[in-house]
Amino acid sequence: MKRCPFLIAASAVLAAALPASGHEGPDHVIEALTERIQAQGPTAKLLISRAYEHQSLGNWNAVLADFGAALDLDSRSRAALSGYTEASLQLGALPQAESMARRGLELDEDALGQSPFYALLARVFAEQQRWSDAREAWRGALRSPRPEIDWFLGEAECLDHLDRHRERVEALLLATERNPSVVLHRAWIHALVDAGDFETASQEIENGLSKSRWKSSWLLLRARIYAQRQLYTQQWADAADALTEIRSRLSVEHPDPHLVAEAAQALAFLGKNDEALAYIKNARDLGISESHLPEVTRIIESAPINPQGKYVE
Amino acid sequence: MTNLRLFSLALALATILPAWASAGSLARGPYLQQATSNSIVVVWRTKGVSTPVLRYGNSPDALTEEVSGDSVILRVSADINAATNIPRLYKEPADEIDQREADHDPSTAANTYQFEAQVSGLQPDSKYYYAIYDNNQPLAGGDENHYFVSHPRIGSSTDMRLWVVGDSGTGEIEQAMVHDAMRAYVSRTGRSVDHYIHVGDMAYSDGTDREFQDNFFAPYQTTLRNTVCWPAMGNHEGHTSRGISGIGPYYDAYVVPTRAEAGGVASGTEAYYSFDIEEVHFTCLDSHDLDRSPDAAMAQWLRADLEQANAKWLVAFWHHPPYTKGSHDSDREQQLAEMRENFMPILESSGVDLTLTGHSHIYERSMLMDGAYDTPTTAKGVILDDGDGRIGGDGAYRKSKGLRPHEGSVSIVSGHGGAGISRQGTMPVMREIIIEHGSVILDIEGDTLTGTMLNKQGQIRDVFNIVKRGRVRPVRIKNPWQPIHDISLLTELLLEFNDVAPGSAPEGWRVVSGNPSSLAVTAEPNGENLLRAEANAEPLLAQYAQFDSSAFEFETGIRLPPENEKGAGLLFGYRDPRNFGRIYLDPAASVIRVSRFVDGSENIITEEAAQIPSGLWLKFEIQVTDVDIEVQFQDEAEQTREIEFTIGIDSPFPKSPIGFYLPPDSSAEFLYFEFQDNDR
C-alpha cells in the first residue's frame, strides 16, 4: 500500500484500541505500531509486535529487521531471539540462525526455557544435513516437559537419515509413551518397517486397515513389507488397490500433493517408473518436502522385473 | 487439561486446605466441556479454597448422583502454596512482565481454584440437571436453568443445531446483541442450540485470563451452562497462549479431546482435535501458531483422522479463513494462504462439507466449490454450483450421500460476532458477503444441512442448504456467477492515481460547486501520479461518491503549492453548497479550523493553532463520529509540531460523500485518499 513517506504520531487511544477495532488487518496494525514507535520511541515489545505482523505477510526481511532492532534494545528477549532465528532460517542465513539459537540457549539453564532454542538449532542442522548434530539438538529440545510432536518426528528423521532404524524405533516408542498422538504412532510403524520388524509392523498395519475408510497409506506400507520379503504378487496387488483408491480421491485439476506422492509410490511399486517419476516431480512442485517424499527412486531401483511383464490395471 | 493433572483430589486439597479455610465464592462457570454420549466435564472456579462437589440427576429436585473426590481435577493459581504435582493455572513468565502495560497482567488472579468434574456413566441422549457445591454449600445450579444433555450415540441419525460465532470477545454491546439474537431465534423456533462452536478471538485483546472471564464466560454464561463450546484458538488468544506448549489462559479454559475421547483419532494436543456427534465428524485445527506445512504433525494428524472418519457429514473449523476479503485478505496473508494451500486439499480429498472460520470481521459464505487452492483465489474452474444454495431459491447444493472426495464444500467466514466489521474487497468464490454483526445457526437433520445467518437484530440475512442424497456427479462451471465488485460496498478504500493517465480527469469525483473541469491527474518527477485541483473565482467543493458515510476515518496526503496561502480543507456532512462540514487548513491564520456551515454561514466549532507549511507533503487525517471529531496533522519532514485534537459536536453531521474544499483562486495536490466507513 502506498502511503505518504512519513508518519504521524497516533493517539494512545488508537494504539490501545487497535486489536479489537474493525481494521485489524496486518497492514493496519503495522501502520499503527509504526506510528506508535514514532511517537513513543521504539521498545522491544512494539518492535516484536510489528515483526509478528510482518511475519503474517511473509515479509521476512522486515521481520529480521524488527527482531534485530528489538534485540538491540533488549538483548535477552526470548521472543526476539527466537523470532530472529526463525527469520534467518527462512532467509537461508543458516550460520546466523545457528549463532542466534545458541544465544537463546544461554538465556536459561532449565529444559523448558532451552527447548525452543534447541528445536531451532536442530532445524538449522537439518537444513545443513548435519544429522548427528541435529539429532543431539532434538534430544535437547525433548528434555522439555512439554515437547512438541514435531520435535519427536525431527529426531526420528535424523535417525532415519543416519540409518539407525532400531534407535529410531526405540525413540518413537518412547515418544508414544509421552504423547498419544496418532502421528507418532504411525511414525513408529514406519520405523518398524525400516528396521525390519515386519511382524509387529504387520499387526499394526492390519489394525489400521480394519479401522480406516481410506486405506491407501496402509496398503502402501504393507506393500513395502511385501517388497522387502520379495512377495511381489502381494506387493503389486496392494499397490494396485492403493492406486485405485488414490485416483478416486485425486482431483485432476487440483491434486492433494500428499496423494500425488502416494500415487508415485504406488506406481513405482507397480513398475511404472516413468509415471512414478512424473508424479514425484508433481508432488515436489506442489510443495512436499524432499524428506517426506517416498523414496520412489529407491523403490524403482530395487523393484524386481515383473515376471508377467508390465503391470496391467 | 491433560492427564498429567489427574491426581487424588483429596490428597491435593489436604495439602492446601488451611484450618481456617472458608467457603470459596464462585468466580467462573459452571460451564460444560468435552461431552460424549456417556460423559461430560463440568468446569467451575472459585475464589478461595473450596471442596468441590457436583450433583446431578433427572430433575432439579432429584440430584441423586454425585461427583467428588478423585473424579474432580483441580488446578490452582500460581500463588497458592500447593503440592508440586497440582497443575498451575497460567502465570505470566517473569521475563515478559516488563514488556507490557502495568494494568494488563494476563495471569490468573490470585487465590483461584479451577475444578473439572468428570461425569461418566451417562445414558446417551439424556437430559440431566446439575448443581455445584462447596462441600454442602450450594454455589450454582439445582434449578431448571442448569442442565446438560448427553450426546446421542455416535452414528445415530443426525438431528442437531449448532451455534457458530467468531471474533466476538470484546465485551461490548454488539457481542451481547449477537448472543441475544441467537437466544431469541432459538426461542421462537422452539429448538435450542445443542452445540456451540467458537472459531476464535473470544477474549480481546490479548486472551488474558481476565479477558476470558469478562469477554467470554460472563457474556455467554447463560449458554455455556447448558451447551459445550468447542473452541478454535484465535490470534488474540495467541497473545498469551501457545499452541506449541499448550500453555496459557485459552488452554486453562477448555477441556478438549487429546486421546480420541470423543471420537476421531488422538491428537496428543489440545491445539487441534476431532470429535464425532451422531453422523457428523468435526475437526478443529490451530491455524495460528503451529507449523502449517503439509508435512508437519498437524497435517499428518488430519490425514490420519480423516482416513478413519466414517461419518455422513464432515465439518472443519479453525480461525484463519482460506477465503476472505473482509478485514483480512487471504490472498496476502501467510496463515490464511497456508490453510488454503495445505489444508483444503486434504479436507476436500476426504469429502469435507463445510469449513467454518473467523478472523476476518465479516460474514462471507461461498458457493459450492472445490479445488480453489491458487493464490490469488479465482472462481474459474472451482465452482460446482453457483446458485444461492437455497431450497425455494436456486435449489440446495447437492452432494452424494456419505463422504466423497471433491464434491464441493461451503466455506463460511463468521468473524462478525462482535468486533468491528469491515470489508476491503470482493472474494470471487463468495455467494453472500454481508457486513453486519451476527452469527450462524447450523441445523443438520438427516441428509440436509441448513445454514442461517442471523444479524444482531435477529433478522435472517442468509440461508443456504446442502442436501446429501443418492449419487451426484459434480460438474465444474466454466463461467460461474460471481459477486459484483462494487466499491460502494467496501468499508475500506485506498484511492491512488498511478493507474490514471496523466492529464485526464479522475473517475468517481464530482464537483458540487465550482469549475467542473478543475481536477486532473498529473505526474510527479519520481513517476508517481497525483491529483491536482484548482479553484477559479468560486470555491471548489469536490466529492468522491464512494466515500459516503456519517461516521468515518478519512486521510489524505496533501501539498499546498508555495503560492497557496489560502489553504484547503476536507469536506463532509454535505447537504448542499450552503450546508456542510469542513476542517480547514488555514496557513494565513496558522490554524486548523473545524466548522459547520449552516445556510451559508460558518459556525466555527474550534480552532487549533498550527503551522501550515506550503510546498511540503502534509498528512491530514480526520475521524468523525456522531459526537466528536478527531484531527491529526503533521508535515512530511516533521518540521512543524504535530497537531492532534478532539472536539465534541452538539449534533451529528448527515451522511454524505466526503471530499475536499478549496477557496477561490487556489490550488492543491493530493497523493492519496484513504477512507474507512465506520457507519456499520
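Just so it is clear, the model here is predicted, and its values are computed rather than measured.

On to the packing of aromatic side chains, then. Two aromatic rings are characterised by how far apart their centres lie and by the angle between their planes. With the rule as written, the count across this model stands at 47 aromatic pairs over all chains. Judged by centre distance (4.8 Å) and plane angle (10 degrees), the ring pair of Phe275(B) and Phe282(B) falls under stacked. Take Phe275(B) and Phe282(B): they sit in the same class, and that class is buried. On the basis of an interplanar angle of 85 degrees and a centroid distance of 6.2 Å, the ring pair of Phe497(B) and Phe673(B) is categorised as edge-to-face. In this pair, Phe497(B) is assigned in the loop between β26 (492-495) and β27 (509-513) and Phe673(B) in strand β40 (residues 667-677), connecting sequence segments 176 residues apart. The burial state of Phe497(B) is the same as that of Phe673(B); both residues are buried. Among the aromatic side chains, those forming a connected cluster through ring pairs are Phe497(B), Trp509(B), Tyr544(B), Phe547(B), Phe552(B), Phe554(B), Phe572(B), Phe653(B), Phe660(B), Phe670(B), Phe673(B) and Phe675(B). Positioned above the aromatic ring of Trp214(A) is the side chain of Arg249(A), whose terminal nitrogen or guanidinium carbon lies 4.3 Å from the ring centre. Across from the ring centre of Phe653(B), 4.0 Å away, lies the NZ or CZ of Arg596(B), which sits over that ring.

What follows deals with the nonpolar core. Residue and element names in this part refer to chain B. Of all hydrophobic cores here, the largest spans 216 residues; its most connected members are Val42, Leu54, Phe148, Phe216, Phe282, Phe317 and Leu356. Built from parts of two domains, this core gets at least three residues from each of domain 1 (1-151) and domain 2 (152-487). Excluding residues within four positions of it along the chain, Leu54 makes contact with Val42, Trp44, Glu65, Glu66, Val67, Ala117, Val119, Tyr130, Ala131 and Ile132.

Residues and elements named next belong to chain B. Domain boundaries assigned for chain B yield domain 1 (1-151), domain 2 (152-487) and domain 3 (492-677). Each of domain 2 and domain 3 has a C-alpha centre, and the two are 42 Å apart. Of the roughly 390 Å² buried between domain 2 and domain 3 on both sides combined, carbon and sulfur atoms contribute 49%. Here domain 2 and domain 3 share zero salt bridges between them. Along the contact surface separating domain 2 from domain 3 lie two residue pairs in polar contact (both at pLDDT 80 or more). Partitioned by chemical class, the residues of the side of domain 2 that touches domain 3 number one nonpolar, two polar and one charged.

Residue and element names in this part refer to chain A. Packing of helix α14 (residues 232-249) against helix α15 (residues 257-269) brings their axes to within 9 Å, and their N-to-C directions diverge by 150 degrees. By the angle between their directions, the pair α14 and α15 is classed as roughly antiparallel. Crossing angle aside, the handedness with which α14 passes α15 is left-handed. Contacts from Gln235, Trp236, Ala239, Leu243, Ile246, Arg247 and Arg249 of α14 reach α15 at Leu259, Glu262, Ala263, Ala266, Leu267 and Phe269. Partitioned by chemical class, the residues of the contact of α14 with α15 number nine nonpolar, one polar and three charged.

All names here are of chain B. Strand order in the open sheet made by the seven strands is β12-β11-β10-β23-β24-β25-β20, with mixed pairing throughout. Two strands in the sheet have a free side with no partner beyond their single neighbour: β12 (229-231) and β20 (397-399). Here the average twist between neighbouring strands, direction ignored, is 20 degrees. Here three bridges tie strand β11 (residues 195-198) to β12, and the two strands are oriented parallel to one another. Residue pairing in the sheet places Tyr196 in a bridge with Cys229 of β12. Sheet strands in contact with helix α3 (residues 173-189) are β10 (159-165), β23 (438-445), β24 (448-455) and β25 (460-468), and its direction is about 165 degrees off that of β10.

To continue, consider the side chain of Glu262(A). Residue and element names in this part refer to chain A. You can see Glu262 is positioned in helix α15. Nearest to the buried, unbridged Glu262 among oppositely charged side chains is Arg249, at 5.7 Å. Reaching out from Glu262, the side chain makes a polar contact with the side chain of Ser216 at a distance of 2.8 Å. Excluding residues that lie within four positions of it along the chain, Glu262 makes contacts with Ser216, Ser217, Leu220 and Ile246.

Time to look at the confidence of the model for chain A. Residues and elements named next belong to chain A. With 86% of its residues at a pLDDT of 70 or more, chain A shows a mean pLDDT of 86. Note that pLDDT drops below 50 for residues 1-22; the model gives that stretch 71 contacts with residues more than four away or on any other chain. Under a pLDDT of 50 for its full length, residues 307-313 has, in the predicted model, nine contacts with residues more than four places off or in other chains.

All names here are of chain B. The buried count for strand β36 (residues 617-624) comes to seven of eight residues, which makes it a mostly enclosed element. Of the pairings in the sheet, the one linking strand β31 (residues 552-559) to β36 comprises eight bridges and is antiparallel in character. Directly across from Gly557, in β36, lies its bridge partner Lys619. Taken together, the seven bridges between β36 and strand β37 (residues 628-635) define a ladder with antiparallel strand orientation. If you follow Gln623 over to β37, its bridge partner there is Glu630. Where β36 folds back onto β37 in an antiparallel hairpin, the turn is made up of three residues.

Next up on the list: the interface of chain B and chain A. Facing 86 residues of chain B, the contacting portion of chain A comprises 66 residues. With both sides pooled, the region where chain B packs onto chain A buries about 6000 Å², and carbon together with sulfur makes up 49% of that total. Applying the counting criterion to the chain B and chain A interface returns three salt bridges. Our count for the contact surface shared by chain B and chain A stands at 21 residue pairs in polar contact (both at pLDDT 80 or more). Of all the elements in the fold, those that place two or more residues in the side of chain B that touches chain A are α6 (297-308), α7 (334-348), β26, β31, β36, β37 and β40 of chain B. With eight residues, α6(B) is the largest single contributor of residues to the side of chain B that touches chain A. Taken together, the residues of the side of chain B that touches chain A break down into 28 nonpolar, 32 polar and 26 charged.

Okay, the pattern of salt bridges next. Counting across every chain of the model gives 52 salt bridges over all chains. The salt bridge partner of Lys312(B) is Glu279(B), with a shortest N-O separation of 3.0 Å. With Lys312(B) in the loop between α6 and β15 (313-317) and Glu279(B) in the loop between β13 (273-277) and β14 (280-284), the pair connects residues that are 33 residues apart, well separated along the chain. The exposure class of Lys312(B) is partly exposed, given its relative accessible area of 35%. Note that Glu436(B) is salt-bridged to Arg461(B), the shortest N-O span being 2.7 Å. Placement of Glu436(B) in the loop between β22 (430-434) and β23 and of Arg461(B) in strand β25 is noted, with a sequence separation of 25 residues between them. The network of salt bridges with shared partners includes Arg135(A), Arg139(A), Glu155(A), Arg164(A) and Glu167(A).

Conventions adopted
- Residues numbered from 1 in each chain as written.
- Chains lettered and ligands numbered in written order.
- Predicted model: local features only at pLDDT ≥ 70, side-chain atom pairs only at ≥ 80, totals over all residues.
- Heavy atoms only, no water.
- Phe/Tyr/Trp six-rings, centres within 6.5 Å; stacked < 30°, edge-to-face > 60°.
- Buried < 20%, exposed > 50% of the residue type's maximum accessible area, 1.4 Å probe, protein only.
- Helix = DSSP H or I, 4+ residues; strand = E, 2+ residues; numbered from the N terminus.
- Lys NZ or Arg CZ within 6 Å of the ring centre and 35° of its normal.
- Core = buried A, V, L, I, M, F, W, Y, C linked by side-chain atoms within 4.5 Å.
- Domains from an automatic or database assignment.
- Contact = heavy atoms within 4.5 Å.
- Buried area = accessible area lost by both parts, 1.4 Å probe.
- Salt bridge = Lys/Arg side-chain N within 4 Å of Asp/Glu carboxyl O.
- Polar contact = N/O pair within 3.5 Å; in protein donor to acceptor, adjacent residues only side chain to side chain.
- Nonpolar A, V, L, I, M, F, W, Y, C, P; charged D, E, K, R; others polar.
- Axes fitted to C-alpha atoms, helices over the stretch in contact; angles between N-to-C directions.
- Parallel < 35°, antiparallel > 145°, perpendicular 65-115°, else oblique.
- Left-handed = near helix turned anticlockwise from the far one by under 90°.
- Pairing = 2+ DSSP bridges.
- Lys, Arg positive; Asp, Glu negative; His and termini not counted.
- pLDDT = per-residue confidence, 0-100.

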